[in-house]
Structures are given as structure tokens and as C-alpha cells.
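# Survey of secondary and tertiary structure
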Amino acid sequence: MHRLIVRQFAITFVIASFSLNAHAAGLEYPWQSTSAMGSAQANAAEANDASTVFFNPAGMARLKTTMVSQAGQVLSVRGQFENNGTTRLNNGSGTELQTGGNGGSYHPQAIPAGQFYAVTPYNDTITLGLGVFVPYGANVNYKSSWVGRMFQDEGTIETININPSMSIRFDDKHSLGFGLSAQIMHMKLRAGADVEEAAYGISKSTIQTGASLLCSPSGLPLVGGITAAACTGVANLLAGPLVSDAKGEGALTVEGIGYGFGWNAGYMYRFNDDRTRFGLTYRSHIRQTIKADYDWDFSDVSGQIPDITGVSDGNILGLLGSLTRRIELRDYVENYVRPDSKAEIKIITPESVGAALFHQASDRLALMGSLTWTRTSRIQELRVVAEDRQGPNGTIQQGDVVVSTRFRDTFKGAIGVNYRVNDVLMLRTGVGYEQTPVPDPEGRHSALPDNNRYVYSLGANISPRKGMDIDLAYSYIVIEDAAANYTDDCHPSGYLISQAPANGATSTTQCTGNGGTFRGVFKDTYVHSAGIQLNQRF
């Protein structure tokens with residue numbers, strides 16, 4: 001028996017490891033078992049199979065024999081993006097419409113996922129359990145030529161949570177459950193790089209640096225009545241023609257793995273001869289640090305710019321000399337501005353609190369409901385911090401990549417019904433509503449095509465023989481249309497636009513980004529889900 005359980009665990013672990021994780025509320029994967037999927041996850045207090053390890057570990061006290069539940073789902077996500085004037089920067093703070101298409105079908109056609117749960121009584125009081133599931137994830141993969149490529153071309157977040165648990169039965173009414181979580185996360189992010197605008201910004205800042213002795217940062221004339229604002233104007237006029245040969249776009253890929261630890265707890269109160277059950281649950285936040293590769297690709301970049309590698313602060317002669325020499329733009333960017341590096345991403349998966357009720361109204365009919373609050377406001381940004389690298393002129397600091405999410409806390413709820421047809425067949429159905437953590441169009445990045453959703457589910461439990469039953473389920477999720485109006489505050493040459501001085505000079509705060517505004521509507525988005533689950537009792 002133990003060998004069978006280990007083999008079943010290994011199969012499900014492989015399925016979970018290759019899950020691509022679907023469109024869900026923010027980053028949360030929609031299903032944690034197929035039996036729960038049949039009622040839109042309204043059955044958190046039902047505790048009839050081993051998946052109670054996830055929904056409420058206190059419910060393990062109801063299971064009197066060793067039980068294994070293996071579940072799998074396949075999701076198909078469909079949606080469209082309609083561009084409504086996405087822009088890119090043009091010669092500094094000016095903007096122009098970005099070129100490109102609408103991104104095509106930006107989710108994989110089929111997204112698999114799986115879960116494994118096992119429960120075994122240790123004695124009359126203590127029950128032990130183990131869960132392996134996919135709590136969080138996201139996957140968007142746009143066409144490389146789409147209009148939002150400077151914000152996001154590809155994004156994948158995958159997690160696996162290993163959750164050993166224990167329940168304590170105090171009497172026929174009260175039980176508590178506890179669990180520990182080891183969570184592994186893989187992340188891959190890819191976005192374009194606006195090298196043409198970066199070349200303009202670098203040229204402008206180099207002119208300002210080389211001519212700094214001729215200009216007063218306070219706006220007072222030092223030499224010949226030239227002010228800082230006037231010098232900035234001259235730099236703006238010269239920068240464009242000096243780099244007019246620059247062509248092409250680059251790309252940045254960040255990919256890595258991290259891990260973290262957390263815990264969960266549950267309480268279940270059973271009364272009315274166990275026909276009615278009420279449960280409370282808590283699952284902690286988990287902090288993870290992802291160690292990642294930070295890889296640039298400038299293979300499509302061409303053209304030459306003035307050889308500005310020797311220009312230093314106040315060196316007007318060096319600035320004038322650079323105009324007589326040329327350097328390949330790709331070589332300059334790769335070696336002096338954007339070298340490959342290592343990076344670190346700190347991310348928190350948020351805590352949640354839930355309440356659920358299950359009532360066996362008759363021998364055939366059961367009613368249930370659940371409500372969950374999640375503290376997604378913990379996720380205010382996604383920040384990628386690149387390590388410094390030594391370049392030909394000294395240390396190269398690239399500045400952070402920042403996606404400002406500004407998530408809000410969310411609620412989700414569901415109600416469901418079980419109807420037992422006979423000893424072999426039980427039918428399930430449920431409806432649910434889930435809030436999005438994205439607060440407004442200004443917080444909706446292209447990596448987060450998310451909004452409130454409505455969940456409609458059907459399911460069935462079939463018992464072909466003693467000691468085994470099978471759950472089947474189908475769910476249809478409708479996601480509200482979602483407007484996006486997200487602005488990137490980072491100029492491609494590496495400074496924050498909002499912190500630039502009023503006289504037009506560049507700010508000193510470094511960053512990595514592309515500027516511009518991602519503007520459009522994600523619409524006609526829906527998710528088909530189908531699942532199966534095998535429950536075995538030993």
C-alpha cells in the first residue's frame with residue numbers, strides 16, 4: 001500500500017511540476033481539487049476526501065481510514081486585447097503611438113495542473129496528512145511584435161507547495177488542524193528594450209555631463225550667460241541627430257527559482273450528528289527570494305553613435321573629441337550600459353482567512369458555502385534588482401525593474417449543492433464570485449490581464465466499487481472586461497522621468513524600463529476547466 005501511495009505521489013508531483021498555471025485572481029490558481037471544482041470551491045467544510053488537507057486540515061479528523069486523492073485539471077483560457085493608443089517615448093518626454101499588433105491569443109491553448117493529497121489516522125485523536133498543490137501562478141505569452149512588447153512579451157510564474165499537516169480531534173464536535181508549507185517558485189519575465197530612445201537619452205545626458213562646467217545646475221549664468229535650461233535645450237537639439245543611425249530593439253529576460261516557508265491552521269465544529277459543519281481557516285503569507293539570471297539580447301540592434309566612452313564630468317574637450325569617432329551601438333550598450341548579470345526578486349504570496357459552512361439537509365441534498373479574504377495588498381510592486389557589474393569605465397549600476405501593482409485586498413465567495421441520486425452517483429453544482437486585486441486601469445500592467453470573475457461549475461462523484469470513487473467536474477469562468485492605462489516612469493536610458501528636474505535635465509535615480517503608456521482593453525475573456533480526481537481508501 002505504501003509503495004502505491006509513493007508511486008501516486010510521484011506521478012502527481014511530476015504533473016504539478018510541469019503545470020503552466022492559469023489566469024486566476026491576481027496570481028492565485030483557481031482549483032485545488034476536482035471535487036471542490038464541482039461546487040465552485042464552496043465545499044471547504046465538507047471534508048469528505050483527502051483534499052481537506054488544503055481547504056481545512058481540521059477536517060482530516062473526519063476521515064477514519066487512510067485515503068489518497070489525486071486530482072488533475074486542464075484549463076483553456078481565451079481572451080482578446082484591443083489597443084487604445086499605447087505610446088512610446090520619443091526624444092525624451094515626448095510620446096508617439098507604438099507600433100505593433102494586439103498580441104494574438106496570449107495564453108497557452110491547454111494548461112494542465114495536478115494535486116496530490118494523502119491522509120492517514122495515527123490514532124483515535126491524531127490524523128496525519130500531506131498535500132502537494134499549485135497555489136499561485138500566471139502565464140501570458142504575447143506575440144513578440146505586439147504593441148505592448150516594451151511592457152511585457154512573456155511572463156510565467158509557477159509554484160509548488162508541499163504541505164505536511166496534522167489534525168487533533170478533541171471530541172465528536174471539535175477538531176484543530178495545523179500544517180507547514182515549503183513553497184518553490186519559478187519565475188520568467190521577458191520584455192522588449194527601446195534601444196533607439198535609450199540612445200537618445202544617453203546622448204543627451206552625455207552632452208550635459210561633458211558641458212557641465214558651462215552650465216549652472218541652479219539656473220544662474222556662470223559662463224557667457226548660459227543657463228542650465230538653455231544647455232538642456234541645446235542637448236535636446238543635438239542628441240537626436242547624433243544617434244539617428246540607431247536602429248532595432250533589444251529584450252531583457254529574467255528567470256530564476258526561489259523558495260519560502262509558511263504555515264496554515266484550521267478549526268472545525270461539527271454538530272447536529274455531523275450533519276452540519278462549520279470551519280475556519282488561516283494560511284500564512286510566504287516570503288520568497290528568487291535568484292535569477294538577468295540576460296539582455298541586443299542581436300537586432302544596429303547603427304553607430306559617437307564614441308562617448310571617454311567623456312567625463314566637465315570634460316568639454318572629451319565631448320568634442322567624441323564627435324569625431326564612432327562606436328557600434330550594440331557594443332556600447334552591451335559593455336557600458338546593459339551587461340548581463342544576476343538578479344534578485346523578493347516576492348510575497350499573501351495570507352488568507354476563510355470561513356465555510358456545510359449542511360446535510362436530507363439524505364439526498366447537501367448545501368454549502370465558503371467565503372475567503374486574501375491580503376493581496378501586500379503585493380504593491382514587483383521589483384527586480386540586478387547585481388552591479390564591472391565595465392571598462394568602472395562599476396555599472398543598472399537600476400531596478402519595477403512593476404507597480406498596487407494590489408488591494410480581495411474577497412471571494414461561493415455557494416454549492418450536492419444531490420445524491422443513488423449509492424453510486426452524486427451530482428454537484430456551484431457558483432462563485434472572485435474580486436480582482438488590480439485596483440484600477442492605472443494599475444493594470446500587461447502582465448496582469450485580470451478582473452473580477454464569475455464562476456459556474458458542475459460536477460459528479462461516482463463510486464464504482466467499495467473503497468474508490470471518482471470526481472468529474474467542469475467549470476466556466478467569465479472575466480469582466482478590463483481597461484488598462486499603465487504608465488512606466490522609467491526612461492529607457494535609465495532615469496526616472498517623474499524625478500527629472502524642472503529645467504529638463506535627467507534625474508539621478510537609476511532604473512530599468514522603457515517609459516510610455518500601455519493603453520487598451522482586455523475583453524471577451526473566459527476560462528473552460530475540466531477535471532478528474534481519483535479517491536482511494538485503504
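Model, not experiment: these values are computed from the prediction.

### Observations concerning the overall build of the chain
- Assigned secondary structure in the chain consists of seven helices and 26 strands.
- Residues classed as buried in the chain amount to 53% of the 538 residues present.
- Residue pairs in contact within the chain that sit at least 24 positions apart in sequence constitute 76% of those at least 6 positions apart.
- Total accessible area computed for the chain in this model is approximately 22500 Å², and 58% of it derives from carbon and sulfur atoms.

### Overview of the pairing of strand β8 (residues 174-193)
- Where strand β7 (residues 154-169) meets β8, 14 bridges bridge the pair, whose relative direction is antiparallel. Considered in β8, the bridge of E158 is made with H186.
- Taken together, β7 and the strand that follows it, β8, pair antiparallel across an intervening segment of four residues.
- Here 20 bridges tie β8 to strand β9 (residues 250-271), and the two strands are oriented antiparallel to one another. Bridged to R190 within β9 is T253.

### Considerations on a nonpolar patch on the surface
- The grouping of I415, V431, Y433, Y454 and Y456 at the surface amounts to a nonpolar patch, some 460 Å² of accessible area in total.
- Position of V431 relative to the elements: it lies in strand β22 (residues 425-434).
- Take V431: its relative accessible area is 38%, and that puts it in the partly exposed class.

### Re empty space enclosed by the protein
- Counting across every chain of the model gives six cavities of 30 Å³ or more.
- Quantified by volume, the largest cavity comes out at close to 650 Å³.
- Lining the largest cavity are 44 residues; nearest its centre among them are E28, F54, S352, T372 and K412.
- Looking at the lining of the largest cavity, the elements with two or more residues in it are α3 (52-55), β8, β9, β10 (276-283), β15 (352-360), β16 (365-374), β21 (410-420) and β22.
- Its residues assigned to classes, the lining of the largest cavity comprises 21 nonpolar, 19 polar and four charged.

### Here's the deal with the environment of I305
- Relative to the helices and strands, I305 is located in strand β12 (residues 304-306).
- Along the chain, I305 and D245 lie 60 residues apart, while their C-alpha atoms are 7.1 Å from each other.

### Here's the deal with unusual backbone geometry
- Here A40, not a glycine, exhibits a phi torsion of approximately 60°, which is positive.
- Tracing the backbone shows A40 in the loop between α2 (34-37) and α3.
- Using a relative accessible area of 9% as the deciding quantity, one classes A40 as buried.
- Notably, D273 is not glycine yet its phi reads approximately 55°, a positive angle.

### Looking at the nonpolar core
- One finds M187, Y294, L329, Y332, F518 and F522 to be the most contacted residues of the largest nonpolar core, which totals 46 residues.
- In this structure, A40, A42, A45 and V527 belong to the second largest nonpolar core, which totals 36 residues.

### Some points on the state of the cysteines
- Going through the model one piece at a time under the given rule, you end up with one disulfide.
- Shown here is the disulfide that connects C490 with C511, its sulfur atoms set 2.1 Å apart. Disulfide C490-C511: the torsion about the S-S bond is 95°, which places it as right-handed. Within this pair, whereas C490 is found in the loop between β25 (482-487) and β26 (517-537), its partner C511 is found in the loop between β25 and β26, the two being separated by 21 residues in sequence.
- With relative accessibility at 4%, the residue C490 sits in the buried group.

### So, the packing of aromatic side chains
- For the structure on display, the rule yields 19 aromatic pairs.
- Geometrically, the ring pair formed by Y259 and F261 is edge-to-face, given 5.9 Å between the ring centres and 70° between the ring planes.
- Owing to a relative accessible area of 57%, Y259 belongs among the exposed residues under this scheme.
- Given the relative accessible area of 57%, F261 is considered exposed.
- Taking the centre distance of 6.0 Å and the plane angle of 45° together, the rings of F518 and F522 count as tilted.

Rules used in this analysis
Residues numbered from 1 in each chain as written. Predicted model: local features only at pLDDT ≥ 70, side-chain atom pairs only at ≥ 80, totals over all residues. Heavy atoms only, no water. Helix = DSSP H or I, 4+ residues; strand = E, 2+ residues; numbered from the N terminus. Buried < 20%, exposed > 50% of the residue type's maximum accessible area, 1.4 Å probe, protein only. Contact = heavy atoms within 4.5 Å. Areas by Shrake-Rupley, 256 points an atom, 1.4 Å probe, with all protein chains shown as cover. Pairing = 2+ DSSP bridges. Patch = residues over 30% accessible without salt bridge, like charges linked within 9 Å, V, L, I, M, F, W, Y side chains within 5 Å. Salt bridge = Lys/Arg side-chain N within 4 Å of Asp/Glu carboxyl O. 1 Å grid on protein atoms, 1.4 Å probe; cavity = no way out; pocket = protein on both sides within 12 Å on 5 of 7 lines; lining within 4 Å. Points joined across faces, edges and corners; volume = space filled by probe spheres on them. Nonpolar A, V, L, I, M, F, W, Y, C, P; charged D, E, K, R; others polar. Core = buried A, V, L, I, M, F, W, Y, C linked by side-chain atoms within 4.5 Å. Disulfide = S-S within 2.5 Å. Phe/Tyr/Trp six-rings, centres within 6.5 Å; stacked < 30°, edge-to-face > 60°.

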